[in-house]
Protein chains: 2
Amino acid sequence: MRKKGPGRPPVTTHALIEEIAFRLFDEQGFDNTTVEQIADAAGIARRTLFRYYPSKNDIPWGQFDESLRHLAQHLREMPTDVSTAEAVQESVKAFNHVDPAAVEQHRRRMRLLMNTPALQAHATLRHGAWRAVIASYVAQRHGMSPDDLHPRTIGRVALALALSAYQQWLEDEQTSLPGLLDEAFAALHHHLDDQRAVIPERRAAGTGQ
Amino acid sequence: MRKKGPGRPPVTTHALIEEIAFRLFDEQGFDNTTVEQIADAAGIARRTLFRYYPSKNDIPWGQFDESLRHLAQHLREMPTDVSTAEAVQESVKAFNHVDPAAVEQHRRRMRLLMNTPALQAHATLRHGAWRAVIASYVAQRHGMSPDDLHPRTIGRVALALALSAYQQWLEDEQTSLPGLLDEAFAALHHHLDDQRAVIPERRAAGTGQ
DNA sequence: TCCATTATTGCCCTCGGTGCCAATACGGTG
DNA sequence: CACCGTATTGGCACCGAGGGCAATAATGGA
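Because the structure is predicted, anything quoted here is derived from the model rather than measured. (Residues numbered from 1 in each chain as written. Chains lettered and ligands numbered in written order. Predicted model: local features only at pLDDT ≥ 70, side-chain atom pairs only at ≥ 80, totals over all residues. Heavy atoms only, no water.)

A.B. asks: Explain the overall build of chain A to me, please; I cannot follow it from the model alone.
C.D. replies: Secondary structure assignment for chain A yields 9 helices and 0 strands. Within chain A, buried positions represent 47% of all 209 residues. For chain A, the accessible surface area stands at approximately 10900 Å², while carbon and sulfur atoms represent 53% of it. (Helix = DSSP H or I, 4+ residues; strand = E, 2+ residues; numbered from the N terminus. Buried < 20%, exposed > 50% of the residue type's maximum accessible area, 1.4 Å probe, protein only. Areas by Shrake-Rupley, 256 points an atom, 1.4 Å probe, with all protein chains shown as cover.)

A.B. asks: Mind showing me how you'd approach the side chain of S164(B) here?
C.D. replies: Position of S164(B) relative to the elements: it lies in helix α8 (residues 149-171). Not counting residues within four places of it along the chain, the set of residues in contact with S164(B) comprises L149(A), R152(A), T153(A) and R156(A). (Contact = heavy atoms within 4.5 Å.)

A.B. asks: Just checking my understanding: could you explain the packing of aromatic side chains for this structure?
C.D. replies: Any pair of aromatic rings gets described here by the distance separating the centres and the angle formed by the planes. Residue and element names in this part refer to chain A. The final tally for this structure, using the stated rule, is 12 aromatic pairs over all chains. Between F22 and F25 the ring centres are 6.4 Å apart and the planes differ by 70°, which places this aromatic pair in the edge-to-face class. In this pair, F22 and F25 both sit in helix α1 (residues 14-28), 3 residues apart, roughly one turn of the helix. Between the aromatic rings of W61 and F64, the centroid separation amounts to 5.0 Å while the plane-to-plane angle is 75°, which identifies the pairing as edge-to-face. (Phe/Tyr/Trp six-rings, centres within 6.5 Å; stacked < 30°, edge-to-face > 60°.)

A.B. asks: What exactly am I supposed to notice about the protein's contact with DNA strand C here?
C.D. replies: Of all residues adjacent to DNA strand C, which total 26 residues, the nearest are R46(A), R47(A), K56(A), R51(B) and Y52(B). Among the atoms of DNA strand C lying within 4 Å of the protein, the sugar-phosphate backbone contributes 57%. R8(B) is positioned such that a nitrogen or oxygen atom in its backbone is 2.9 Å from a base oxygen of DNA strand C. Take Y52(B): an N or O atom from its side chain is 2.6 Å from a phosphate oxygen of DNA strand C. Of all the secondary structure elements, the ones that give two or more residues to the surface near DNA strand C are α3 (46-52) of chain A together with α3 (46-52) of chain B. (Near = heavy atom within 4 Å. Polar contact = N/O pair within 3.5 Å; in protein donor to acceptor, adjacent residues only side chain to side chain.)

A.B. asks: I tried to follow the domain arrangement of chain A on my own but got confused; where do I start?
C.D. replies: For interface size, the figure often reported is the accessible area lost on association. All names here are of chain A. Along its sequence, chain A is organised into domain 1 (14-55) and domain 2 (63-198). When each unit is reduced to the centre of its C-alpha atoms, the spacing between domain 1 and domain 2 is 28 Å. Contacts between domain 1 and domain 2 engage 8 residues on the former and 8 residues on the latter. The interface formed by domain 1 and domain 2 contains 2 salt bridges. Here E18 ties to R109 by a salt bridge, and the two come within 2.4 Å at their closest N and O atoms. (Domains from an automatic or database assignment. Salt bridge = Lys/Arg side-chain N within 4 Å of Asp/Glu carboxyl O.)

A.B. asks: Quick question: what am I supposed to make of the environment of Q167(A) here?
C.D. replies: In this fold, Q167(A) is placed in helix α8 (residues 149-171). Classification of Q167(A) by relative accessible area gives buried; the value is 16%. Once the C-alpha coordinates of Q167(A) and A15(A) are considered, the two residues, 152 residues apart in sequence, prove to be 25 Å apart. Setting aside residues up to four positions removed in sequence, Q167(A) forms contacts with M114(A), R152(B) and R156(B).

A.B. asks: Looking at this structure, I do not really get the pattern of salt bridges. What am I missing?
C.D. replies: Any two side chains of opposite charge can pair, so long as their charged atoms come close to each other. Residues and elements named next belong to chain A. Inspection of the entire model under this criterion finds 19 salt bridges over all chains. D58 is paired through a salt bridge with R126; the nearest N and O atoms lie 2.9 Å apart. With D58 in the loop between α3 and α4 (64-76) and R126 in helix α7 (residues 117-142), this residue pair connects regions lying 68 residues apart in the sequence. R126 carries the same exposure label as D58, and that label is buried.

What follows is the structure in structure tokens.
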């Protein structure tokens, strides 16, 4: 990404730190692994690690922010002749697509994220951004504000369904993630179909948060 | 609750600590308020405060655990001739019923919980217990395991809908919380109606977590 | 009064996270 | 090669949340 500009070059990469961190997490568990151990193993200073990641909890998230931007873009590029529900379903599936070769690593990451209490809690903040992307899209499609009740509800429900699918996927090695997502999102169509009748009643924008 | 048993009597109460803490949170914000300040203002030692609450994040939650037990009991006592969706809807409404006199305090609490990042994150853990109660009920009504996909999905979706209603309620002083919950939960009926056909296929229990 | 019981408290420690500042490793210029 | 601007690194001191432990205080009862 970053071109060769002046200044001292970074001594490591996010990818490398992640790899080392995951090894330690696997060996000793997330909570029993200190930031100092990770830094030492990565050959950098504690202080430096905190410049690569704002918090210990952020380490396992990988390229989430970038993926989020792709999700938003995927939604934007969705043709308007498919229903909102289908567009959301398709984009969420794309968001969660993983290269077959990387599927084991992905399972490892998601298992850690969903089974570690500290990370479960932290995930809420990331999920907030995820929901916002969905809500924005739904709002835009329906001529509403992203802060309106309906788009936000869709964001929340979509997240609930996606997490449900993920949890199942993690517990059942055989199942296919895209398949589970399809099943889960079938339910979303009802929400969007039902509420479509309500759209005309454009309400005042919420206070935001 | 606890009878007059032997031993040194507690020097304060959760209610009192909460009141003091909320005052400080209002004045300076949650993050800018240290546990020590709360302890001092409450006239107890820092160490003692941590025996009343396992963490700073737990202070604003009040009687949540007890309310959860009531939710579970309310569900158990629900007649079986009402649909699962109705039972859930009714019970969630009961769970969120607040005495009219206490509604302002409740708004204050919920606003803090939903607008403070640290608390949003922590909430996920409490919500996990909430979802488990709903999932258990749905599972039991449908002869499934609480770890099966369907009950857990219902738990997640119900939570999503309830939070959506709450958020709206907080931003719009006029709206009625029970009303918003009713609107939100209308969507839940589809989930439960749809999936009912799937029930016969009892699947192997998940691994639990 | 002495005892068993329970709550409070102080002390010390660990860990995550931040502010500050000096040291370091480049690429480019004279 | 010496020098310079720049960006990253890393050390240090500091804060706040939280836990382990042992001493102590306050009660009711024998």
